[in-house]
Amino acid sequence: MNQIIKFTIDDVECVATKGQYIIDAARENGIFIASLCNYPGVKPKGSCRVCSVKVNGRLMTACTTPVSQGMAIENHTDELNELRKKIIELFFVEGNHFCPSCEKGGTCELQALAYRFKIMSPRYPYFFPQREVDATNPKLIKDQNRCILCKRCIRAIHDEKGRTIFAYKRRSNRVEISIDPKLGRELTDEVALKAMDVCPVGALLIREKGFDTPIGERKYDKNPIGSDIEHLQIPYSKTKSNE
Amino acid sequence: MKSFTQKVIDKYNRDKTRLMDILISIQSEFGYISQESVSQIAHELHMSEVDVEQTISFYHFFSMKPTGKFSIYLNNSVVANMMGRKEVAETFEEEVGIKFGNITADGLIGLYDTACIGMNDQEPAAIINNHIFTKLTPFRAKEIIRDIKEGKKVQDMFTASFGDGANRDDLVKSVVSNNIRKIGPILDPQYKIGDAIKKIIKLTPEEVITEIKSSNIRGRGGAGFPTGLKWEFCRNASDGIKYLLCNADEGEPGTFKDRVILTELPRLLFEGMVIAGYAIGAVEGILYIRHEYKYLEEYLENILKVAREKNYLGIDIMGKKGFNFDIRIQFGAGAYVCGEESALIESAEGKRGEPRDRPPFPVEKGYLDQPTVVNNVETLCAAVKVMLHGGEWYRSFGTPESTGTKLLSVSGDCRFPGVYEVEWGFSVNSILDMVGAVPRNVQAVQVGGPSGSLIGSNDFDRILGYEDLATGGSLIIFDKTRDLLSDVVLNFTEFFIDESCGSCSTCRILPSILKNKLEKILDARGVKNDIAEMEEWGKILKASRCGLGQTAANPILTSIKNFRHLYEDKIQKTKDFDSGFDLWRAVKEGCEVTGRVPNI
Amino acid sequence: MSKPIVATTSLAGCFGCHMSFLDIDERILELMQLVEFDKSPINDIKKISRKCDIGLIEGGCCNSENVHVLKEFRENCKILISVGECAIMGGLPAMRNGIPLSECLEEAYQNGLTVKESNDARIFPNDPELPIILDKVYPCHEIVKIDYLLPGCPPRADLIWEALIAIITGNQIKMPYEVLKYD
Ligand SMILES: Cc1cc2nc3c(=O)[nH]c(=O)nc-3n(C[C@H](O)[C@H](O)[C@H](O)COP(=O)(O)O)c2cc1C
Ligand code: SF4
Ligand code: SF4
Ligand code: SF4
């Protein structure tokens, strides 16, 4: 039996099924919690830290923490929004993000969050690292310049035997994503497309695809990321959160 | 190579969770893990090649390129530098004819840097093919290279007599010294093996937990979680197989007390593991030891063998029907973060040592997703004494908040570096006295390693304990001649950068930004705002998943807090803004490539 | 009160941001009422001739001359604004930052497919008068202090307009979601 529990986000009363992660429960209550590495239906791994909320005064990632009865969650506070903004800015200096020439522009979740948080420019100096573009795979191009190491591809894509096709390589600030040379060769169009869709940024691209929607009509050109969640008509959500 | 690899894979039953052991065997045999071996392992274990490679490339002591018939890993941590590492490193480079990070053309010798190897009381130290060399000098470096070139085996290269105590054991034969300087209830050599086991099997597991709880002992690995409570959580966790993991990763720079226990009192530790295993209802214990201590492997395996023969381990232990428990040793492969309990579990499962998201905690879902207790070496040793003499007896040591004793690893500028067992509640001043450091010459003490804090004389009257200065036991002393910012803070910050598992944005990216700022200040280009920004940005790290990221800014933040004048002395007083941009530097490369003279 | 004086320049940029500026269309007449222009490609004044109130910078710094112009602007403008991605983060010219400078130069002047006809002798341009290329393309705020940043490639005309009006009138900038874009 699914047990229904009550909890609050910024004092707004919400309900959820026991065991749901905070971020999913919030979504169902019409509340958007910003995140980059979370993807519906894929096992969470709190790696981007953007969805950090406060529970009992402690920072927790909303994508990995289950809600519990009576939990009081802080989400849309100045302190947390400022923290998220600072975290989002980190990605822009870590990699090389030339949005004007990026196939993912307008549909990229990193960019969309930056718009939502009104980031004019990151506060940190740029690293301008030397990163490779890997074009050895017949279907996918991997551009390490844009990869935010969210692990979505690792977690979402497996072959029929459950083997991982994407993996981390190295550690620390030298981590990269690699595509298995053997299994990668047998990627179907369908899986390649899924990989591209799963990737929040323009780091995994299907060859010869991109720039097919004109500027002004792309996903996040007019409406901020998360606005679809906030526009859900949820009966028991009393107020709209997040801006 | 192919058949060796196959043999190893078969030895571990083609078990994916034993990937670490498979890789360690291959790396030790060949000095690297070839692409062919990777393919073979991937095929046999039903993994993808990138999956095998992601584990290999995580660990410092694994390599997919040859590391040399003799691979020399020279410690580059703060204390090694203080004790003369630079001259030793230069001598190695000169004698071998290559720079660190490289291998000779003939594949004979490789030179590598490595983080603290747990020998802070006898630096500079190096690991050569799993053997430890301590107190190196340029002279000794020359000898070593000469010996290698003459074709000697590593074990024949020792010229000094072996170290003290069990370091001389036939199965150890190491020049490492224990340097035990003060003993207390834990290090007390007067104890009879097996007495505690005989005692506890007459009690119920719950009674054991109650006794441990009554001692108020808290974890000695740094986090200080009440041990009895942890055991109880695990005991009460939903059924399933339970595991006990002992954390001997000891990666915090400046800590080496667990090494001394492993050398001198391994039987005490194993007894502690048996007790914990009994209390929580585990059937298997895993002792996870950092790779740097591989020289103790045979010695420890032999002690386990004897313990099995004596039925301290195995089936129906000491005649107690149904009490079955055994211990296996798992080595790491060079990663500080594997000391974090959930990363340690991942690593013991053969994976990258990436910490897990919590909840669930290991007591609910740990090794192989089963309820698991992870305890530090010292915690488990203390538990034996608690069971022998009672919780009340244990509470008579230390302070009400922090009961019992603590093993300190003391190093740096003092006359008697080594291991000291003291009661909690000792002040920093009295420790300085005890270890032969003159308080008036001491500039700073790093308490608790890089993740702890750098304190100055204003804090020397503070006491060690959970209520004041909590510490895993590392104390590094710096006298007034040391340049704290460039010799200590910068080095520790670089340590955190290298050791991050890289999976959280904050911990992967931010420490490098802070380091660049620190270097800007050291370069005399800093302005006031740079200090403020370091303080402000350092807080972002609190959003990281594990303690490594959460404390990665501590060297900078605690030194700003306690030694602000050092920063203020280095910044420019006449400017509010300086981006650090230097036009001369920026045109240098362009001029070189195009053969022009700067016209700026 | 005299009208605020505005100066503009393009460093390592493509003049796209200036074009976008002109895209404020008829509002340019209104702007002329509000401000006076000093150095700018719009009026072809080549050098800053007096202290200005607002400086608009397009483009980042890819050579020593860019740095000098930027510093001159900083010295002479009360408020300095980075306009567009290139000024803010180097933009497309900064795509070379991930490649060693020597490789870039060799590709451009020695090994590239188009080099043969234009540079038979395979020499790097070396007239002493020429500015010197920097090791990488620098965002303006990594050289001098920049007061405001207007992202976009180019920034939307509305964003430039709103920003200028806000600064001139001392009001808060109006920034609807649609105008803040990086492309
Ligand atoms: C980065 C990091 C490194 C750690 N290293 C060690 C270690 O080397 N040894 C250890 O016992 N605990 C270490 N810990 C603490 C462990 O996570 C854990 O708290 C401890 O092993 C629990 O044992 P205890 O309760 O007996 O202290 C580390 C924690 C972090 C975050
Ligand atoms: S991945 Fe996103 S943020 Fe990065 S360049 Fe592309 S659009 Fe911009
Ligand atoms: S390639 Fe894309 S999905 Fe994979 S880790 Fe990088 S950003 Fe995430
Ligand atoms: S804080 Fe650092 S070491 Fe810990 S999980 Fe995150 S990235 Fe890994």
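What counts as what
- Residues numbered from 1 in each chain as written.
- Chains lettered and ligands numbered in written order.
- Predicted model: local features only at pLDDT ≥ 70, side-chain atom pairs only at ≥ 80, totals over all residues.
- Heavy atoms only, no water.
- Helix = DSSP H or I, 4+ residues; strand = E, 2+ residues; numbered from the N terminus.
- Rg over C-alpha atoms; globule rule 2.2 N^0.38 Å.
- Buried < 20%, exposed > 50% of the residue type's maximum accessible area, 1.4 Å probe, protein only.
- Domains from an automatic or database assignment.
- Contact = heavy atoms within 4.5 Å.
- Buried area = accessible area lost by both parts, 1.4 Å probe.
- Salt bridge = Lys/Arg side-chain N within 4 Å of Asp/Glu carboxyl O.
- Polar contact = N/O pair within 3.5 Å; in protein donor to acceptor, adjacent residues only side chain to side chain.
- Axes fitted to C-alpha atoms, helices over the stretch in contact; angles between N-to-C directions.
- Parallel < 35°, antiparallel > 145°, perpendicular 65-115°, else oblique.
- Left-handed = near helix turned anticlockwise from the far one by under 90°.
- Nonpolar A, V, L, I, M, F, W, Y, C, P; charged D, E, K, R; others polar.
- Near = heavy atom within 4 Å.
- Core = buried A, V, L, I, M, F, W, Y, C linked by side-chain atoms within 4.5 Å.
- Expected span 1.5 Å × (residues − 1).
- Pairing = 2+ DSSP bridges.

Comments concerning the overall build of chain A
Across its full length, chain A carries eight helices and 10 strands. Its C-alpha radius of gyration of 19 Å places chain A within 12% of the 18 Å reference for a compact globule of 243 residues. Taken over the C-alpha atoms alone, chain A extends approximately 50 × 45 × 35 Å along its principal axes. Looking at the 243 residues of chain A, the share that counts as buried comes to 60%.

Here's the deal with the domain arrangement of chain A
All names here are of chain A. Domain annotation for chain A reports domain 1 (4–76) and domain 2 (85–208 + 216–222). Here the C-alpha centroids of domain 1 and domain 2 sit 25 Å apart. Counting from both sides, the interface comprises 15 residues of domain 1 and, opposite them, 18 residues of domain 2. Regarding the contact of domain 1 and domain 2, the summed buried area is about 1300 Å², with carbon and sulfur atoms giving 69% of it. Looking at the side of domain 1 facing domain 2, the largest losses of area belong to Leu36, Tyr39 and Val42, adding up to 43% of the total buried there.

Describing the interface of chain B and chain A
On the chain A side, the residues contacting the 44 residues of chain B number 44 residues. Here chain B packs against chain A, burying approximately 3400 Å² in sum over the two surfaces, 55% of which is carbon and sulfur. The largest contributions to the chain B side of the interface with chain A come from B:Val50, B:Arg508 and B:Ile509, which together make up 17% of the buried area. In this assembly, chain B and chain A are joined by six salt bridges. Across the salt bridge formed by A:Glu94 and B:Arg508, the nearest N and O atoms sit 2.6 Å from each other. One can count 24 residue pairs in polar contact (both at pLDDT 80 or more) joining chain B with chain A. If you list the elements that add at least two residues to the side of chain B that touches chain A, you get α4 (49–56), α18 (484–499), α19 (505–522) and α20 (528–538) of chain B. Among the elements that line the side of chain B that touches chain A, the one with the most residues is α19(B), at eight residues.

Structural notes on the packing of helix α3 (residues 35–44) of chain B against α4(B)
Residue and element names in this part refer to chain B. Put simply, α3 and α4 touch, their axes get as near as 8 Å, and they point 120° apart. The angle between α3 and α4 places the two elements in the oblique class. Once α3 is placed against α4, the crossing between them reads as right-handed. For the pair α3 and α4, the contacting residues are Gln35, Val38, Ser39, Ile41 and Ala42 in the first and Glu49, Val52, Glu53 and Ile56 in the second. When its residues are assigned to classes, the contact of α3 with α4 shows five nonpolar, two polar and two charged.

Describing the site of ligand 4
Around ligand 4, a shell composed of 13 residues is seen, among which B:Cys501, B:Cys504, B:Cys507, B:Arg545 and B:Cys546 lie nearest. For the shell around ligand 4, a count of residues per class yields seven nonpolar, five polar and one charged.

A closer look at the nonpolar core
Membership of the largest hydrophobic core comes to 236 residues, with the highest contact counts inside it found for A:Phe166, B:Trp231, B:Met273, B:Leu287, B:Phe325 and B:Tyr567. It is helix α12 (residues 266–280) of chain B that provides the largest number of residues to this core, a total of 10 residues. Setting aside chain neighbours within four positions, we find A:Phe166 in contact with A:Leu140, A:Cys153, A:Ile154, A:Ile157, A:Ile177, A:Ser178, A:Ile179, A:Ala195, A:Leu204 and B:Val50. Core analysis: the second largest hydrophobic core is formed by 26 residues, C:Leu11, C:Val67, C:Leu80 and C:Ala87 among them.

With respect to helix α15 (residues 377–389) of chain B
All names here are of chain B. Here α15 contains 13 residues, and its C-alpha end-to-end distance of 19 Å stays within 8% of the 18 Å for a straight helix at 1.5 Å per residue. The buried count for α15 comes to 11 of 13 residues, which makes it a mostly enclosed element. Along α15, the residues that are buried comprise Val377, Glu378, Thr379, Leu380, Cys381, Ala382, Ala383, Val384, Lys385, Val386 and Met387. N-capping of α15 is provided by Asn376, with a side-chain oxygen placed 2.9 Å from the backbone N of Glu378. Count one or two residues on from α15 and you reach Gly390, which has phi positive near 95°.

Re the side chain of B:Ser505
Inspection of the secondary structure assignment puts B:Ser505 in helix α19. Since its relative accessible area comes to 0%, B:Ser505 is described here as buried. Of note is the side chain of B:Ser505, whose polar atom sits 2.7 Å from the backbone oxygen of A:Cys48. Those residues in contact with B:Ser505 that lie beyond four places of it in its chain are A:Ser47, A:Cys48, A:Arg49, A:Ile87, A:Leu90, A:Phe91 and B:Leu510.

Let's talk about the environment of A:Ile215
Considering the arrangement of structural elements, one finds A:Ile215 in the loop between β10 (204–206) and α7 (219–222). Judged by its relative accessible area of 55%, A:Ile215 is exposed. A C-alpha to C-alpha distance of 8.8 Å links A:Ile215 and A:Gly105, two positions 110 residues apart in sequence. Not counting residues within four places of it along the chain, the set of residues in contact with A:Ile215 comprises A:Asp221 and C:Arg156.

Focus: the pairing of strand β1 (residues 70–75) of chain B
Residue and element names in this part refer to chain B. Here β1 lies mainly inside the structure; six of its six residues are buried. Of the two faces of β1, the one holding Phe70, Ile72 and Leu74 and the one holding Ser71, Tyr73 and Asn75 are both buried throughout. Bridge analysis of β1 against strand β3 (residues 109–114) gives six bridges, and the strand direction is parallel. Paired with Ile72 across the two strands is Leu111, which belongs to β3. When β1 meets strand β4 (residues 126–128), the two strands line up antiparallel, connected through three bridges. By the bridge assignment for β4, Tyr73 is matched with Ile127.

Focus on the interface of chain C and chain A
Between chain C and chain A, the contact holds 27 residues from the first and 29 residues from the second. Both faces combined, the contact of chain C with chain A buries some 2400 Å², and carbon together with sulfur accounts for 66% of it. Per-residue buried area on chain C facing chain A is highest for C:Tyr177, C:Tyr182 and C:Asp183; these three make up 32% of the total on that side. Taken together, chain C and chain A are joined by one salt bridge. There are six residue pairs in polar contact (both at pLDDT 80 or more) connecting chain C and chain A. Among the elements that line the side of chain C that touches chain A, the one with the most residues is helix α4 (residues 85–89) of chain C, at three residues. Residues that form the side of chain C that touches chain A fall into these classes: 16 nonpolar, four polar and seven charged.

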